[in-house]
Amino acid sequence: MSFYCEYKNLVEMSRKGEAMTQPTTKIPISAIVLNEEIYPRKGIDPKRVGIFAENIRDGFKFEPIEVEPDPDRPGMYRLLDGAHRWSAYKTTGVTEVEAVIKNLDGNDPLLYAAQKAIGPRQLTEDETRETARRAYTRNSSLSSAAIGKAIGRSRQAVDSYIADLRAVTQMELDINIFRMNRLGIPQDRIANRLGAKQVLIHNHLLKMPVLANSINADLYRGFTVSQVAEKHNWTEPLVWSLALADKKDLQRFKELGWGLRTWDQWEWNDCDKSFGDDWPGRIPAQLIAHILFYFSKLNDLILDPMAGGGVTPDTCLALGRRCWAFDMADRPETRPEIEPYIWTLPAAQKLASSPVNQLSWPVSSKEKADLIIFDPPYFDKKAADYDTKSISALQRQEYLECLEAFFALLKLNVKKTTRLAFINADWRDFQGRPAAEESGQGSILIDVYLRMLNKTGWQHTHIIQAPMSAQRFSAVVVSAMQKKRILGVTSRYVIILKQP
Ligand SMILES: C[S@@+](CC[C@H](N)C(=O)[O-])C[C@H]1O[C@@H](n2cnc3c(N)ncnc32)[C@H](O)[C@@H]1O
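These numbers were taken from a predicted model, which means no experiment stands behind them.

Participant: Before we go on, may I ask you to explain the nonpolar core in this structure?
Facilitator: As a rule of thumb, soluble globular proteins bury nonpolar side chains together. Ile291 and Val494 are the most contacted members of the largest nonpolar core, which totals 99 residues. Per-element accounting of this core gives the leading share, nine residues, to helix H17 (residues 396-412). Excluding its chain neighbours within four sequence positions, the residues that come into contact with Val494 are Trp266, Leu287, Ile291, Ala421, Phe422, Ile423, His462, Ile463, Ile464 and Ala466. Listed in part, the 20 residues of the second largest apolar core include Tyr39, Val49, Ala53 and Phe62.

This is how it looks when you write it as structure tokens:
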């Protein structure tokens, strides 16, 4: 179709008033952006823009362009249809255009834009294929039929466009299901977390032995865990969970090369980077492994209510424990096994007068944890790195009340034999003062937590020293501290508690 015919069609449509059926708004041209992520064509055709600009100068009226509010930039709009008209308006110096503001109600803007492009000037075969692939990459739950409908192709054609992408998605889904299943997360919660039907999870689980076979075969051939992880795109902890499957705890420690501490001082200079993500306040996997070794058994259920970078679930995989992990940070792509949950707790006084059933617990399962590993933010340390809803954003008193309420909440949701491993550090309000001038006011030392724990029905059996690494301080900072006689904090404790 020639530019002239195309233009004539548009003018005729306007004349018939078809485009007027949708309300339009005048929008400054500078508030409209062409976002390549949702633009189905390879680029703007300057020839076409030139013809449209000439038409505009001649006084012809085009159909209004279509935009949607930009989700990332309030007050701005993203183009859905009319990129060439928009460019022509800019060329001619027009400052405001008539636009239809669409609300796509969660539908994919790329596919909507592609559908609009089916009209007078079709997408090329290349653009159609790319649009299908981009739409699927953005949302792998889209069916071929839905994509095909938008881009004007059959379901089979779309299947062939995206076959390789779909295979990768299937493999990623398999690996996620495998990992969550190995951590003992019930099928209904796996389904819910991965946005899949429970029957689909069930069917995927049937494939798991085959999945494990290929990993085991490579391990048997003598490849290392990290080589196998890289080859199959698995995480190392997941490969360890197979590599150590029939081993006892002591053998597991040996193969992981972590060395077992026999006394109650656990110190490491660094984290094993293959376990947990780079996360503010990350603790070494070796520390979690020691808690698991001394205070749990193979296949026990471990609960981590504030799991952060996921070092607890990762270590549980290697040591053959199940693990339910929660955190306010929701990372469905990389950490589906950490279920999103924000602990919002009443202050301790309110708690005392509240009926028990007002407290919320993330899951309704009958099964209770054997061990809880609780590593909350150490008051406002790292507060700037966590979300504003984090308990680290609370004032001192509120933070303490909230933790007390949490210890009481834990008590209501455990069994008689459940142990708690509480990890925390001394928090001193030294604010650059020499040690001898610190008043101690406003500090939270570890005995404060101990009193709260005892008050809420937890009795401590061990206080283990597990210092934070001092190596992350630069020589310049250390020297300045020494000159001013500032006494820093690296002490950190693992308090083990049981119920009387
Ligand atoms: C010290 S970090 C845990 C680090 C983790 N053990 C690791 O090694 O990666 C504390 C975590 O508590 C989470 N958190 C803070 N307040 C929370 C709340 N009210 N509900 C849920 N998670 C919360 C933060 O998002 C953060 O990931």
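Participant: Explain the pairing of strand S3 (residues 65-69) here, please?
Facilitator: Each regular strand displays side chains that alternate between the two surfaces of the sheet. With four of five residues buried, S3 lies mostly within the body of the structure. For S3 and strand S5 (residues 96-101), the ladder comprises three bridges, and the chain directions are parallel. Within S5, the position partnered with Glu66 by the bridge is Val100. Where S3 meets strand S4 (residues 77-81), four bridges bridge the pair, whose relative direction is antiparallel. Within S4, the position partnered with Glu68 by the bridge is Arg78.

Participant: Hey, could you run me through the pairing of strand S6 (residues 301-304) in this one?
Facilitator: Of the two faces of S6, the one lined by Leu301 and Leu303 and the one lined by Ile302 and Asp304 are each fully buried. Relative to strand S7 (residues 322-327), S6 is paired through four bridges, and the arrangement is parallel. In the strand pairing of S7, Ile302 is matched with Cys323. Remark: the S6/helix H15 (residues 311-319)/S7 crossover connection has right-handed handedness. Bridge analysis of S6 against strand S9 (residues 371-374) gives two bridges, and the strand direction is parallel. Its bridge partner being in S9, Ile302 is matched across the sheet by Leu371.

Participant: What is the right way to look at a nonpolar patch on the surface in this model?
Facilitator: A contiguous nonpolar surface patch, about 260 Å² in accessible area, is contributed by Leu250, Leu260 and Tyr294. Within the secondary structure layout, Tyr294 lies in helix H14 (residues 285-295). A relative accessible area of 34% places Tyr294 in the partly exposed class.

Participant: Just checking my understanding: could you explain the confidence of the model for the protein chain for this structure?
Facilitator: A low pLDDT score tells you not to read the predicted coordinates there in detail. For the protein chain, per-residue confidence averages 89 on the pLDDT scale, and 92% of positions sit at 70 or higher. pLDDT under 50 marks residues 1-20. Its contacts with residues more than four places away, or in other chains, come to 28 contacts.

Participant: Could you clarify how one ought to interpret the domain arrangement of the protein chain in this entry?
Facilitator: The accessible area lost on association of the parts is a frequent measure of interface size. Structurally, the protein chain comprises domain 1 (3-122) and domain 2 (247-498). The centre of domain 1, based on its C-alpha atoms, is set 54 Å off from the matching centre of domain 2.

Participant: What's the story with the pattern of salt bridges in this structure? I'm lost.
Facilitator: A side chain with one charge can pair with a side chain of the opposite charge if their charged atoms come near. According to the stated counting rule, one finds 29 salt bridges in the structure shown. Lys116 is the partner of Glu66 in a salt bridge, and the nearest nitrogen-oxygen pair spans 3.0 Å. With a gap of 50 residues between them, Glu66 in strand S3 and Lys116 in helix H4 (residues 109-116) connect regions that are remote in the sequence. Judged by its relative accessible area of 31%, Lys116 falls in the partly exposed class. We note a salt bridge from Asp174 to Lys207, for which the minimum N-O separation is 3.3 Å. Of this pair, Asp174 sits in helix H7 (residues 155-182) while Lys207 sits in the loop between helix H9 (198-206) and helix H10 (208-220), placing them 33 residues apart in sequence. The class for Lys207 is partly exposed, based on a relative accessible area of 37%.

Participant: Looking at this model, I keep getting lost on the site of the ligand. Mind explaining?
Facilitator: Near the ligand there are 21 residues, and of these Ile283, Gly309, Asp327, Trp343 and Asp375 occur at the shortest range. Here Trp343 contributes a backbone N or O atom positioned 3.0 Å from a nitrogen atom of the ligand. Within the contact set of the ligand, a nitrogen atom lies 3.1 Å away from a backbone nitrogen or oxygen of Ile391. Considering the ligand on its own, with 600 Å² of exposed area, one finds that the protein chains cover 98% of that surface. Classifying every residue of the shell around the ligand by side-chain character gives 13 nonpolar, four polar and four charged.

Participant: Honestly, the environment of Gly320 in this entry has me stumped. Any pointers?
Facilitator: Considering the arrangement of structural elements, one finds Gly320 in the loop between H15 and S7. Taking the relative accessible area as the measure of exposure, Gly320 reaches 24% and is therefore partly exposed. In this structure, the C-alpha to C-alpha distance between Gly320 and Arg252, residues 68 residues apart in sequence, is 9.3 Å. For Gly320, the residues in contact, after removing those within four places along its chain, are Arg252, Leu298 and Asn299.

Participant: Looking at this structure, how should I read unusual backbone geometry?
Facilitator: Keep in mind that most residues, glycine aside, have a negative phi and that most peptide bonds are trans. Phi angles above zero are rare outside glycine, and Gln431 is one such case at about 40°. In this fold, Gln431 is placed in the loop between strand S10 (419-425) and helix H18 (446-455).

Participant: Would you explain the sheet that holds strand S8 (residues 338-340) in this entry?
Facilitator: Sheets are built from strands paired through backbone hydrogen bonds, the pairs being either parallel or antiparallel. Across the sheet, which stays open at both edges, the seven strands sit in the order S8-S7-S6-S9-S10-S12-S11 with mixed pairing between neighbours. Each edge of the open sheet is held by one strand with a lone partner, namely S8 and strand S11 (459-465). This sheet shows a mean twist of 20° between the axes of neighbouring strands, independent of strand direction. Pairing between S7 and S8: three bridges, direction parallel. Paired with Ala325 across the strands is Ile338, a residue of S8. In the packing of H14 onto the sheet, the strands contacted are S6, S9, S10, S11 and strand S12 (492-498), and the crossing angle to S9 comes to about 155°. Packed onto the sheet, H17 meets S9 and S10 and runs at close to 165° relative to S10.

Reading the values: rules and limits
- Residues numbered from 1 in each chain as written.
- Predicted model: local features only at pLDDT ≥ 70, side-chain atom pairs only at ≥ 80, totals over all residues.
- Heavy atoms only, no water.
- Core = buried A, V, L, I, M, F, W, Y, C linked by side-chain atoms within 4.5 Å.
- Buried < 20%, exposed > 50% of the residue type's maximum accessible area, 1.4 Å probe, protein only.
- Helix = DSSP H or I, 4+ residues; strand = E, 2+ residues; numbered from the N terminus.
- Contact = heavy atoms within 4.5 Å.
- Pairing = 2+ DSSP bridges.
- Right-handed = clockwise from strand over helix to strand, strands pointing away.
- Patch = residues over 30% accessible without salt bridge, like charges linked within 9 Å, V, L, I, M, F, W, Y side chains within 5 Å.
- Areas by Shrake-Rupley, 256 points an atom, 1.4 Å probe, with all protein chains shown as cover.
- Salt bridge = Lys/Arg side-chain N within 4 Å of Asp/Glu carboxyl O.
- pLDDT = per-residue confidence, 0-100.
- Domains from an automatic or database assignment.
- Near = heavy atom within 4 Å.
- Polar contact = N/O pair within 3.5 Å; in protein donor to acceptor, adjacent residues only side chain to side chain.
- Nonpolar A, V, L, I, M, F, W, Y, C, P; charged D, E, K, R; others polar.
- Axes fitted to C-alpha atoms, helices over the stretch in contact; angles between N-to-C directions.

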